[in-house]
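Residue-level structure breakdown
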Amino acid sequence: MKYEVTITNIGDFSLQLLKLRESMILFDRDVPYEYLDMVVAHTKDEVRGLIEVGGTVLIADHEYMITALGSDALKTLKEHGHCTLLFNGKDTVEQPGQIAMSGKGIPRVMVGDTICFV
């Protein structure tokens, strides 16, 4: 595993973002309070290995392939466990902290589920 975390909190607004915008904002436990409702908070981990286009992300029981990486996504993932996952399968992203992925559907996440970059 290059990065593996466990979901510790799911903000109320984050579920709406997932359903309506097909996106999930991740942040480790040190998420600023004012963002808590918008993010999926998780345990801390260190990035071990290269995360790149073509790589695999496992979220709960769903598997996705990375199709695009924003210019700052890996930096913010390493520093704060922060990035925005997009479930749109596009080969470009609009924001530097985004990671686009393709796969079957949007995951149904719960506290205790894992997110793994393999």
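To start, this report covers the structure provided alongside it. Everything quoted here is computed from the prediction, not taken from an experiment. (Residues numbered from 1 in each chain as written. Predicted model: local features only at pLDDT ≥ 70, side-chain atom pairs only at ≥ 80, totals over all residues. Heavy atoms only, no water.)

Helix and strand counts for the protein chain stand at two helices and eight strands. Helices (α) and strands (β) of the protein chain occur, in sequence order from the N terminus, as β-α-β-β-β-β-α-β-β-β. A compact globule built from 118 residues would reach a C-alpha radius of gyration of about 13 Å, and the protein chain, at 13 Å, matches this within 12%. With the C-alpha coordinates aligned to their principal axes, the bounding extent of the protein chain is approximately 30 × 30 × 25 Å. The 118 residues of the protein chain split such that 41% are buried. Considering only residue pairs separated by 6 or more positions, the protein chain has 69% of its internal contacts joining residues 24 or more positions apart. With an accessible surface of roughly 6,600 Å², the protein chain has 50% of that area assigned to carbon and sulfur atoms. (Helix = DSSP H or I, 4+ residues; strand = E, 2+ residues; numbered from the N terminus. Rg over C-alpha atoms; globule rule 2.2 N^0.38 Å. Buried < 20%, exposed > 50% of the residue type's maximum accessible area, 1.4 Å probe, protein only. Contact = heavy atoms within 4.5 Å. Areas by Shrake-Rupley, 256 points an atom, 1.4 Å probe, with all protein chains shown as cover.)

Membership of the largest hydrophobic core comes to 23 residues, with the highest contact counts inside it found for Ile59, Leu85, Met101 and Phe117. For Met101, the contacting residues outside a window of four places in its chain are Val57, Ile59, Tyr64, Met65, Ile66, Thr67, Leu85, Leu86, Phe87, Asn88 and Gly89. Core analysis: the second largest hydrophobic core is formed by six residues, Leu17, Ile25, Val31 and Ala41 among them. (Core = buried A, V, L, I, M, F, W, Y, C linked by side-chain atoms within 4.5 Å.)

Summed over the entire model, instances satisfying the criterion amount to two aromatic pairs. Between Tyr3 and Phe117, the ring centres sit 5.9 Å apart and the planes meet at 70°, which makes this aromatic pair edge-to-face. Separated by 114 residues along the polypeptide, Tyr3 in strand 1 (residues 3-10) and Phe117 in strand 8 (residues 114-117) bring together distant segments of the chain. Taking the relative accessible area as the measure of exposure, Phe117 reaches 1% and is therefore buried. Ring geometry for Tyr64 and Phe87: centres 5.0 Å apart, planes at 65°, overall edge-to-face. Taken together, the positions of Tyr64 in strand 5 (residues 62-69) and Phe87 in the loop between strand 6 (83-86) and strand 7 (98-103) put the pair 23 residues apart, joining distant regions of the chain. No difference in accessibility class separates Tyr64 from Phe87, as the two residues are buried. (Phe/Tyr/Trp six-rings, centres within 6.5 Å; stacked < 30°, edge-to-face > 60°.)

Sheet architecture is closed into a barrel: eight strands sit in the order 1-3-2-6-7-5-4-8, paired in mixed fashion. Between one strand axis and the next, the sheet turns by 35° as a mean value, whatever way the strands run. Of the pairings in the sheet, the one linking strand 5 to strand 7 comprises five bridges and is antiparallel in character. Residue Ile66 lies in a different strand from strand 7, and its bridge partner there is Met101. Along the sheet face, helix 1 (residues 12-21) touches strand 1, strand 2 (23-28) and strand 3 (40-42) and points at about 145° away from the line of strand 2. Contacts between helix 2 (residues 73-80) and the sheet are confined to strand 1, strand 2, strand 5, strand 6, strand 7 and strand 8, with strand 2 contributing the most and set at about 40° to the helix. (Pairing = 2+ DSSP bridges. Axes fitted to C-alpha atoms, helices over the stretch in contact; angles between N-to-C directions.)

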